[in-house]
Amino acid sequence: MENVKNLDNSKLYINRELSWLEFNRRVLEEAEDPTNPLLERLKFIAIFFTNLDEFFMIRVAGLKQMVSANVNRPSFDGLTPKEQLRKITQKTKQLLKDVEVQYKKLISELQEEKIYIHKYSELPKALKKRADKYFEEFVYPILTPLAVDLTHPFPHLPSLSFNIIVEIISDELKFGLIPIPKVLPRFIKLKEKEEHYLYLEDLIINHIRELFPNQEIRGIATFRVTRDADIVIQEDEADDLLEEVEKGLRKRRFGNPVRLEINGGSDFIVNFLKDELEIKDYDVYKLDIPLNLSDLWSLYREIDRPDLKYPPYIPYYPPQFNIEIFNALKNHEFILFHPYESFDPIVELVEEAAEDPNVLAIKQTLYRVEKNSPIVEALSKAAQNGKEVTAVVEIKARFDEESNIVWARRLEEEGVHVIYGIPRLKTHAKLLMIVRKEENGIKRYIHIGTGNYNVETTKVYSDVSYLTSDPEIGEDVSKIFNVLTGYFHPPKLSRIFISPIDLKKKILEMIEEEAESGKDGRIIAKMNSLVDPDVIKALYRASQKGVKIDLIVRGICCLRPGIEGVSENIKVISIVGKYLEHARIFYFKAKGEEKLFISSADWMPRNFHRRVETLVPIENKELKEKLKKILETQLKDTAKVRILLPTGEYVRPTERKFNSQ
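The rules behind each value
- Residues numbered from 1 in each chain as written.
- Predicted model: local features only at pLDDT ≥ 70, side-chain atom pairs only at ≥ 80, totals over all residues.
- Heavy atoms only, no water.
- Helix = DSSP H or I, 4+ residues; strand = E, 2+ residues; numbered from the N terminus.
- Rg over C-alpha atoms; globule rule 2.2 N^0.38 Å.
- Buried < 20%, exposed > 50% of the residue type's maximum accessible area, 1.4 Å probe, protein only.
- Contact = heavy atoms within 4.5 Å.
- Lys, Arg positive; Asp, Glu negative; His and termini not counted.
- Charge placed at Lys NZ, Arg CZ, Asp CG, Glu CD.
- Phe/Tyr/Trp six-rings, centres within 6.5 Å; stacked < 30°, edge-to-face > 60°.
- Lys NZ or Arg CZ within 6 Å of the ring centre and 35° of its normal.
- Core = buried A, V, L, I, M, F, W, Y, C linked by side-chain atoms within 4.5 Å.
- Pairing = 2+ DSSP bridges.
- Right-handed = clockwise from strand over helix to strand, strands pointing away.

## Description of the overall build of the protein chain
Reasoning step 1: For the protein chain, the helix and strand inventory stands at 18 helices and 27 strands.
Reasoning step 2: For 661 residues, the compact-globule estimate of 2.2 N^0.38 gives 26 Å, and the protein chain sits close to it at 27 Å.
Reasoning step 3: Expressed as lengths along the three principal axes of its C-alpha atoms, the size of the protein chain is roughly 85 × 65 × 55 Å.
Reasoning step 4: For the protein chain, with 661 residues in total, the buried portion stands at 57%.
Reasoning step 5: Long-range pairs, those at least 24 residues apart, make up 73% of the contacts in the protein chain with a sequence separation of at least 6.
Reasoning step 6: Treating the 100 positive side-chain charges of the protein chain as one cloud and the 106 negative ones as another, the clouds have centres 3 Å apart.

What follows is the structure in structure tokens.
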């Protein structure tokens, strides 16, 4: 590689979007992996398509906006928006060819396990009769066939709406359109005690003449439209942020089209849809398998075959929490590693605080919360019990806005002080503070996490919780809440670092300290994504000084490891498996002193500059050893690990014996 000493050389960096597609390839590999249970492999196909939908709605849509605005400035990896879109299209179409092969293979393997996803045309007579009866009773009454011709304009279809289009032979342009209803199950079960299923759209297509009687039908296709789903919120002009977000959600459904997925149909149908949606050839993705396969989630949940799923895992409940939780935390700190260790102590902490007469106040940040959340229930109960309860709710958490608005309003009705974050900044920090009156005065009990206060995701996300009553940490968290609920200004903190104030600066300082130590330096960093060019350059400089660096980066990584003269001392791995690796843990060993941190922030510009995040030092010797052990265990993985090559591709070890999960 020429001019490698120049760290501004664009060839030293991997494009963010192409790196993300490589991550989704790793998700697809889990669907291909025969060591995974069969239904889990089916679930990974659902995850692959869910991921891809979001990628097009946000990242591809953003690049298209840049092209429309004639922005030709290359990203730090040297690719212009147009070049990125071209490469994204090429790579996505290859991935879709791979997923077509894998889906067909899985359907065949499911049949061997007596799980059948039938084609209507191949149904045995008895099952066809049941399918027809189901259509007459449940499907036909709620379908809305739409005419599209000179007097009936093409309807405005919401993003990700799933439709059937019918080409009708006529002297003039004539089509029929049927939106596939979301209120019906996508997979119709045809036999009670046996696993025989039929796709809803297949059933509708085979009764299409009942919907368009006396019409001569030439062709039929299913299609989906993906639209730009990013919300621009004019916070400075918004009197009520909730109303502004709600308005944005309505707009999201009808943003500009960025992708057309289609199965079947003639070139005439494809060209008609292209014209109506005003999209180009490269925005059309033709598939030879059913569309909208994110719906495989519902099939995974419905099929009761424990032998074809991961064995259920019961998280370890630390016995230290068998006593009253405040007593457990009075003189001890804890690190919990979820989902291996239970999230219940955190839920119980909030629930006990809600009922404890000595608790005066509860303050908590909430980013993504599930329906029927026990934590939201506990906060409501605490407010009813007369405690001062404050919830800093990030209603701008992408794709959870609607859910967040509903329960934020409910909390307000219960008397909770609901704060909607800070203008132009997302509150991504995971903080809980309980203020309790005790014999010696006021004491603060603190929880700081790397993941959300969502009981459901803690079962499948790998995250770290830090529980403490350390007075300095409590004072810092108290100051952070004050700037979140008041006017944001740089608080003077003694131990915690926050974005957008000094978190990035601290990370760069720690990397520089390692660089000064040269070959005695050591960095291990675990995160979801590594994008920030300043941090990558700092890591390159540390590598050039001889620092050994191990990076455990689940998703996007823009750093190229293993380049002679630049990054030969850097190794990057990604672990994709049963649990989604979500924790951020950072280890530094400058001048022989081991320093460990947990954080809510990935090393990305958005986390450093556009979000409120925390970086927390862990100083208890026992807890540091626990975090170090987590990192060391993951570095030993050979089963679910992929190793990043300088080319941007990932490879698996030849021997796959040790699974860190």
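## Quick word on the packing of aromatic side chains
Reasoning step 1: Tallied over the full model, the rule gives 21 aromatic pairs.
Reasoning step 2: Considering the side-chain rings of F588 and F597, the 6.1 Å spacing of their centres and the 75 degrees angle between planes classify their relative orientation as edge-to-face.
Reasoning step 3: Joined through ring pairs, the aromatic side chains of W20, F23, F55, F56 and Y285 make up one cluster.
Reasoning step 4: The ring of Y285 has K93 lying over it, and the distance from NZ or CZ to the ring centre is 5.0 Å.
Reasoning step 5: Of note, K309 hangs over the ring of Y300, and the distance from its end group to the ring centre comes to 4.4 Å.

## As for the nonpolar core
Reasoning step 1: Counting 117 residues, the largest nonpolar core has L530, L539, L551, L559 and W603 as the members making the most contacts within it.
Reasoning step 2: A per-element tally of this core places helix 2 (residues 38-68) first, with 14 residues.
Reasoning step 3: Counting residues in hydrophobic clusters, the runner-up holds 40 residues, among them L484, A583, I585 and I618.

## A short note on the pairing of strand 23 (residues 585-588)
Residues in a regular strand point their side chains to alternate faces of the sheet.
Reasoning step 1: Side-chain alternation along strand 23 places I585 and Y587 on one buried face and F586 and F588 on a second face that is also buried.
Reasoning step 2: Bridging between strand 19 (residues 522-527) and strand 23 involves four bridges; their strand directions are antiparallel. Following the sheet pairing, I523 is matched in strand 23 by F588.
Reasoning step 3: Hairpin connection from strand 23 to strand 24 (residues 595-599): six residues lie between these consecutive antiparallel strands, with K591 at a positive phi of about 55 degrees.

## Some remarks on the pairing of strand 20 (residues 548-553)
Reasoning step 1: The buried fraction of strand 20 is high, at five of six residues.
Reasoning step 2: By the bridge criterion, six bridges tie strand 19 to strand 20 in an arrangement that is parallel. Note that in strand 20 the partner of I524 across the bridge is D550.
Reasoning step 3: For the crossover from strand 19 across helix 16 (residues 533-544) to strand 20, the handedness is right-handed.
Reasoning step 4: Examined bridge by bridge, strand 20 and strand 21 (residues 570-575) share four bridges and lie parallel to one another. Bridging across to strand 21, L551 finds its partner in V572.

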